[in-house]
Amino acid sequence: MEIKILSSLAKIFPDEICNEYEIDTLSCLKNERVSFQLAVKSDSDMSINVHSDCEQLKIYKIQYVPAGLTAEKDRDDYFIRNAKSGDYPDILIPIDSEIQLIGNEWTPVWCEFVPDGKLNVGEHEITVSVGDEVVKVKAKIIDASFSDQSLICTHWFHTDCLATYYNVEVFSDEYWRIVENFMRTAVSHGINMILTPLFTPPLDTQFGGERPTVQLVDVKKEGDRYTFVFDKLKKWIDLADKCGIKYFEMSHLYTQWGARHAPKIMAQTSRGYKRIFGWGTNSHGKRYSDFLRQLAPKLIRFIDENGLRNRCMFHISDEPQKRHYRSYKKSAEIMKDLFADFKKIDALSEFSFYEHGLTEYPITNIMHIEDFVGKVPELWTYYCCNPCNKNLPNRFIAMPSLRNRILGFIMYAYDVKGFLHWGYNFYYTRYSKRKVDPFTETDAGGEFPSGDSYVVYPSPDGSTYVSLRLKVFYDAIQDFEALKLLEKKIGREKTLEILNKDLEKPITARDYPHSEKWLIEKRNEINRTLAM
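The rules behind these values
Residues numbered from 1 in each chain as written. Predicted model: local features only at pLDDT ≥ 70, side-chain atom pairs only at ≥ 80, totals over all residues. Heavy atoms only, no water. Axes fitted to C-alpha atoms, helices over the stretch in contact; angles between N-to-C directions. Helix = DSSP H or I, 4+ residues; strand = E, 2+ residues; numbered from the N terminus. Parallel < 35°, antiparallel > 145°, perpendicular 65-115°, else oblique. Left-handed = near helix turned anticlockwise from the far one by under 90°. Contact = heavy atoms within 4.5 Å. Nonpolar A, V, L, I, M, F, W, Y, C, P; charged D, E, K, R; others polar. Phe/Tyr/Trp six-rings, centres within 6.5 Å; stacked < 30°, edge-to-face > 60°. Buried < 20%, exposed > 50% of the residue type's maximum accessible area, 1.4 Å probe, protein only. Lys NZ or Arg CZ within 6 Å of the ring centre and 35° of its normal. Pairing = 2+ DSSP bridges. Core = buried A, V, L, I, M, F, W, Y, C linked by side-chain atoms within 4.5 Å. Salt bridge = Lys/Arg side-chain N within 4 Å of Asp/Glu carboxyl O.

K.L.:
Would you mind showing me how to read the packing of helix H2 (residues 173-187) against helix H3 (residues 231-243) here?
P.N.:
Relative orientation of the contacting elements H2 and H3 amounts to 40°, with a least axis distance of 9 Å. Between H2 and H3, the angle falls in the class oblique. Judged by the sense of rotation from one axis to the other, the crossing of H2 with H3 is right-handed. Contacts between H2 and H3 involve Trp-176, Val-179, Glu-180, Met-183, Arg-184 and Val-187 from the former and Lys-232, Lys-235, Trp-236, Leu-239, Ala-240, Lys-242 and Cys-243 from the latter.

The structure is reproduced here in structure tokens:
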């Protein structure tokens, strides 16, 4: 039997190992998580046990998923297997029994070391039994710990997708149980802000179409007057607090791509429970504007009564373009008037929206981050179905894991305060026309590059299977926080010197070493400096 001990940045296929970098030692902070992989090959088919006596080690088998659309047409060459369609490693499933080896094929195993502050500083030996073989890895725990995460991070949480996939009634006990499971997984991987559906989020919805109703604010309409009940919102807030969420991003109060319509809003009326606003609503007309003016003071009172003022941010409309300037401007003025004391954040890439005061805290696509550096009070960034080119970071299944993890170093270099991604668990096709099976249709019906729309998979019991991409993304957050910790010790200027040492020019979103060895050794150097 052949066994290779590889970094977490390799991607292991039955016929080859991409980005192979063998290791024998891990380095981590006292409360950090760090992973490695085993690539196992035998001469013949067999079943073997893989286990460890180390209580701090979690072991997963890696399951392959089919990638159809792997990238947009304008992709660069920084992909694996030439971005061909096919099966790629992605799902991490806890090992609770034997694993099957296929003769002369590599089988991947993911190992995650979780000291959790319970092990002494110094060197520890991790042993893993792989059938009759034993492999050993050293783990060096340094005398430093992360404090509270400084990066604000959100991956949009789609509860309607959970209700649809599991076929449960929205707001039923089972719905809340599943939501809690997915929320806990998010928090444990650095996602500390959650999209909060005051009303069903008007995101990725076909014009004239609807997504399942998940609004947390109950509305009663009597003539031109509205009554609001926040019991469901309170339950959401309490659950998020229990799971460890720090920030709440209130869902968009205007439709995506232009702010021209209202989100779907349901209410009790004299004619029953019905939709009172939606695609047919002029977003700046008197009816919807009056609704918002009645909602705002009641919602703000709820926020203040629950001590949430410094934890809430509001969205206007997602990804407005130049052609939407006038419509977005009207919406921004209304929001500025109604929610004056709250941060308004939106994903956009046109600097003019900020320059003219339409948005206070723009979240720029990482393709355009240079346009905003040094010009905004807080630099936030995002990526989504693009970029696929210019070596920019992203998390698609067919990308090397380094292209995912390098984000942590890049965000530190730019002094980023927050990161947004639209797809934590989006299990629909583009425009939410139908549901997908995330295990077999990873590209949203051929509309988004595989891996764009989610980083967790729904397990049969209502909990999550984590993707290796989410594990690597969390490593990026840990890299970011390690640099922040080092900055407190030696200052930002010296920290940047260490980050960029031996490079021809400083790290940018487009320019960084494409070397797994370099990234891991750079992180080890950061750790050694922290330990001095």
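K.L.:
In this structure, what is going on with the packing of helix H8 (residues 407-414) against helix H9 (residues 468-490)? I would like to understand it.
P.N.:
When two helices pack together, their arrangement is given by the angle between the helix axes and by the axis-to-axis distance. Running from N to C, H8 and H9 point in directions that differ by 35°, and their axes come no closer than 7 Å. Along this stretch, H8 crosses H9, giving a crossing that reads as right-handed. Of the residues in H9, those touching H8 at Leu-407, Gly-408, Phe-409, Met-411 and Tyr-412 are Phe-473, Ala-476, Asp-479, Phe-480, Leu-483, Lys-484 and Glu-487. Tallied by class, residues from the contact of H8 with H9 come to 8 nonpolar, 1 polar and 3 charged.

K.L.:
Just checking my understanding: could you explain the packing of aromatic side chains for this structure?
P.N.:
The geometry of an aromatic ring pair is captured by two quantities: the separation of the ring centres and the angle between the planes. Taken as a whole, this structure holds 38 aromatic pairs when the rule is applied. With centroids separated by 5.3 Å and ring planes inclined at 75°, the aromatic side chains of Phe-351 and Phe-372 adopt a geometry described as edge-to-face. Taken together, the residues Phe-351 in helix H6 (residues 351-355) and Phe-372 in the loop between strand S23 (361-365) and strand S24 (379-382) connect sequence positions 21 residues apart. Residue Phe-372 is classed as buried on the basis of its relative accessible area, which comes to 0%. In textbook terms, an aromatic cluster arises when at least three aromatic residues are bridged by ring pairs, as seen for Tyr-165, Tyr-166, Phe-182, Tyr-427, Phe-439, Tyr-454 and Tyr-457. The ring of Phe-79 carries the charged tip of Arg-75 above its face, separated from the ring centre by 5.5 Å. Across the ring face of Tyr-412, the terminal group of Arg-492 is positioned such that the distance to the ring centre comes to 4.6 Å.

K.L.:
How do you make sense of H8 when you look at a structure like this?
P.N.:
Counting buried residues along H8, 7 of its 8 residues qualify, which places the element largely inside the surrounding structure. Residues Leu-407, Gly-408, Phe-409, Ile-410, Met-411, Tyr-412 and Tyr-414 constitute the buried set of H8. Residues of H8 that are buried in the fold lie against S24, helix H7 (401-405), strand S25 (416-421), H9, helix H10 (492-500) and helix H11 (516-531). One or two steps after H8, the chain reaches Asp-415, where phi turns positive at roughly 60°.

K.L.:
Is there a simple way to think about the environment of Met-266 in this case?
P.N.:
Locating Met-266 in the fold gives a position in strand S19 (residues 265-269). For the pair formed by Met-266 and His-514, sequence separation is 248 residues and the distance between their alpha carbons is 50 Å.

K.L.:
Any chance you could explain the sheet that holds strand S7 (residues 50-51) here in plain terms?
P.N.:
Backbone-to-backbone hydrogen bonds pair the strands of a sheet. The strands run either parallel or antiparallel. Read from one edge of the open sheet, 4 strands run S4-S13-S12-S7, paired in mixed fashion. Of all strands in the sheet, those bounded by a partner on one side alone are strand S4 (25-28) and S7.

K.L.:
I would appreciate a short explanation of the nonpolar core in the present structure.
P.N.:
Grouped together as the largest cluster of nonpolar side chains are 187 residues, with contacts concentrated most on Phe-36 and Phe-291. Examining the composition of this core, we find that 11 residues originate from one element, H9, more than from any other. Counting 6 residues, the second-largest nonpolar core is a separate cluster that includes Ala-10, Ile-12, Ile-17 and Trp-106.

K.L.:
What is the right way to look at the sheet that holds strand S11 (residues 107-113) in this model?
P.N.:
An order of S1-S5-S11-S8-S9-S27-S26 is seen for the 7 strands of this open sheet, with the pairing classed as antiparallel. If you trace the sheet from one side to the other, it starts and ends with strand S1 (2-7) and strand S26 (456-458), each paired once. When strand polarity is set aside, the average angle formed by the axes of neighbouring strands in this sheet is 35°. With 7 bridges connecting them, strand S5 (residues 34-41) and S11 associate as antiparallel partners. Note that in S11 the partner of Phe-36 across the bridge is Cys-111.

K.L.:
How do you make sense of the pairing of strand S12 (residues 122-130) when you look at a structure like this?
P.N.:
The side chains of a regular strand alternate between both faces of the sheet. Relative to S12, S7 is paired through 2 bridges, and the arrangement is antiparallel. Across the sheet, His-51 pairs through a bridge with Ser-129, a residue of S12. By the bridge criterion, 9 bridges tie S12 to strand S13 (residues 133-141) in an arrangement that is antiparallel. Residue Thr-127 lies in a different strand from S13, and its bridge partner there is Lys-136. Counting the residues in the hairpin turn of S12 and S13 gives 2 residues, including Gly-131, whose phi is positive at 60°.

K.L.:
What is the right way to look at helix H1 (residues 159-166) in this model?
P.N.:
Two residues of an α-helix separated by three or four positions point the same way, owing to the 3.6 residues in each turn. Buried residues dominate H1, accounting for 6 of its 8 residues. In this fold, the buried residues of H1 make contact with H2, H3 and S26.

K.L.:
What am I meant to see in the pattern of salt bridges here?
P.N.:
Side chains bearing opposite charge may pair, as long as their charged atoms lie close to each other. Under the defined criterion, the tally for this structure stands at 37 salt bridges. Across the salt bridge formed by Glu-16 and Arg-81, the nearest N and O atoms sit 2.8 Å from each other. In this pair, Glu-16 sits in the loop between strand S2 (11-12) and strand S3 (17-18) while Arg-81 sits in the loop between strand S8 (57-67) and strand S9 (86-94), placing the two residues 65 residues apart along the sequence. A salt bridge links Lys-329 to Glu-333, with the nearest nitrogen and oxygen atoms 2.6 Å apart.

K.L.:
Hey, could you run me through unusual backbone geometry in this one?
P.N.:
Phi is mostly negative for residues that are not glycine, and the peptide bonds are mostly trans. Here the residue pair Asn-386 and Pro-387 is connected by a cis peptide bond, since its omega of 10° sits within 30 degrees of zero. Tracing the chain through its elements places Pro-387 in the loop between S24 and H7. In this structure, Asn-82 takes a positive phi of about 55° despite not being glycine. Relative to the helices and strands, Asn-82 is located in the loop between S8 and S9. The phi dihedral of Asn-167 falls on the positive side, at around 55°, and the residue is not glycine. Secondary-structure assignment places Asn-167 in the loop between H1 and H2.

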